[in-house]
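# Architecture at a glance
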Amino acid sequence: MRKLVGLAIVASALVVSACNTVEGAGKDVSSAGRTVAKTASDAK
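All figures in this text were calculated on a predicted structure; none of them were measured in a lab.

Scanning the protein chain for helices and strands turns up 1 helix and 0 strands. By principal-axis analysis of the C-alpha atoms, the protein chain measures approximately 65 × 5 × 5 Å. Counting over 44 residues, the protein chain shows a buried share of 0%. A total accessible area of about 4000 Å² is found for the protein chain, and carbon and sulfur atoms account for 70% of it.

Printed below as a string of structure tokens:
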């Protein structure tokens, strides 16, 4: 039973950290997209 509880805690921690990583990656991609769009607008 203790192993199962320990495994659940570890799995929960991994899921939470993965969400933060994906959110951060999404912000980076969004920032890069804005930069490309601004550069394209400036080139017009």
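Having seen it, we continue.
A cluster of nonpolar side chains, contributed by M1, L4, V5 and I9, occupies part of the molecular surface with about 470 Å² of accessible area. Along the chain, the position of M1 falls in the segment before α1 (2–43). A residue is classified by how much of its surface remains accessible, and M1, at 77% relative accessible area, is exposed.

By the definition in use, this model includes 1 salt bridge. For K38, the salt bridge identified is with D42, shortest N-O distance 3.2 Å. Of this pair, K38 and D42 both sit in helix α1, 4 residues apart, which is roughly one turn of the helix. As far as the burial class goes, K38 and D42 line up, both exposed.

The rules behind these values
- Residues numbered from 1 in each chain as written.
- Predicted model: local features only at pLDDT ≥ 70, side-chain atom pairs only at ≥ 80, totals over all residues.
- Heavy atoms only, no water.
- Helix = DSSP H or I, 4+ residues; strand = E, 2+ residues; numbered from the N terminus.
- Buried < 20%, exposed > 50% of the residue type's maximum accessible area, 1.4 Å probe, protein only.
- Areas by Shrake-Rupley, 256 points an atom, 1.4 Å probe, with all protein chains shown as cover.
- Patch = residues over 30% accessible without salt bridge, like charges linked within 9 Å, V, L, I, M, F, W, Y side chains within 5 Å.
- Salt bridge = Lys/Arg side-chain N within 4 Å of Asp/Glu carboxyl O.

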